[in-house]
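Inside the fold
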Amino acid sequence: MELLFIMLFGIALGTGARYLAPRRDTHGVALMPAIGGIVAGVVWLGLTWLGWAWDGGMIWVVTLLASAVVSAVVALVLGRTRATSDEKRLVALGG
């Protein structure tokens, strides 16, 4: 049950990263929430396999922090990369 909650919180953090990052028009509406949820799920599973207690506070903090950081970094890098790539393609096409 906690995995469901942590993934929902990760999706919420990914949604926040999508709408707070610039150039959000360069990627799909579901990409950042999906990344946030996947990162939260993978980090949570990794930490539980390492023996962290699911009812401890640190597993929640580390998981949500990792989800927020990865979502924000991906949103920023992807937006900048896509904008640069689109500009290069426009110049190459003669526009």
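Refer to the structure presented above.
We now turn to the structure provided with this report. (Residues numbered from 1 in each chain as written. Predicted model: local features only at pLDDT ≥ 70, side-chain atom pairs only at ≥ 80, totals over all residues. Heavy atoms only, no water.)

For the rest of this paragraph, the subject is the overall build of the protein. Counting its regular elements, the protein contains three helices and zero strands. Starting at the N terminus, the α and β elements of the protein follow one another as α-α-α. For 95 residues, the compact-globule formula gives about 12 Å, and the C-alpha radius of gyration of the protein, at 16 Å, lies well above that figure. Based on the C-alpha atoms only, the size of the protein along its principal axes is roughly 60 × 20 × 15 Å. (Helix = DSSP H or I, 4+ residues; strand = E, 2+ residues; numbered from the N terminus. Rg over C-alpha atoms; globule rule 2.2 N^0.38 Å.)

Looking now at the packing of aromatic side chains. Per the counting criterion, the structure on display carries two aromatic pairs. Ring geometry for Phe9 against Trp60: centres 6.4 Å apart, planes inclined by 65°, an arrangement best described as edge-to-face. Within this pair, whereas Phe9 is found in helix α1 (residues 2–20), its partner Trp60 is found in helix α3 (residues 57–92), the two being separated by 51 residues in sequence. With a relative accessible area of 22%, Trp60 lands in the partly exposed category. Plain terms: the ring middles of Trp44 and Trp60 are 4.9 Å apart, the flat faces sit at 70° to each other, and that makes the pair edge-to-face. Pair noted here: Trp44 is in helix α2 (residues 31–49) and Trp60 is in helix α3, with a separation of 16 residues, a long-range link. An aromatic cluster is present here, built from Phe9, Trp44 and Trp60 joined pairwise through their rings. (Phe/Tyr/Trp six-rings, centres within 6.5 Å; stacked < 30°, edge-to-face > 60°. Buried < 20%, exposed > 50% of the residue type's maximum accessible area, 1.4 Å probe, protein only.)

Turning to α1, a few remarks are in order. Look at α1: 27 Å from first C-alpha to last across 19 residues, which is about the 27 Å you get at 1.5 Å a residue. Of all the positions in α1, only Ile6, Gly10, Gly14, Ala17 and Arg18 are classed as buried. In a view along the axis of α1, the buried residues occupy a sector of 125°, so they form one face of it. (Expected span 1.5 Å × (residues − 1). Arc of directions from axis to C-beta.)

Once that is clear, we can look at unusual backbone geometry. In the Ramachandran plot, Arg23 falls in the positive-phi region, its phi being about 60° despite a non-glycine side chain. The topology assignment puts Arg23 in the loop between α1 and α2. Overall, the relative accessible area of 43% leaves Arg23 in the partly exposed class.

So, about the packing of α1 against α2. Between α1 and α2, the least distance of the axes is 7 Å, while the angle of their chain directions is 145°. Crossing geometry of α1 relative to α2 is assigned as right-handed. In contact with Glu2, Leu3, Ile6, Met7, Gly10, Ile11, Gly14, Thr15 and Arg18 of α1, α2 contributes Met32, Pro33, Gly36, Gly37, Ala40, Gly41, Trp44 and Leu45. When grouped by side-chain class, the residues that make up the contact of α1 with α2 number nine nonpolar, six polar and two charged. (Axes fitted to C-alpha atoms, helices over the stretch in contact; angles between N-to-C directions. Left-handed = near helix turned anticlockwise from the far one by under 90°. Contact = heavy atoms within 4.5 Å. Nonpolar A, V, L, I, M, F, W, Y, C, P; charged D, E, K, R; others polar.)

As far as function goes, none of this settles anything; it's purely spatial.
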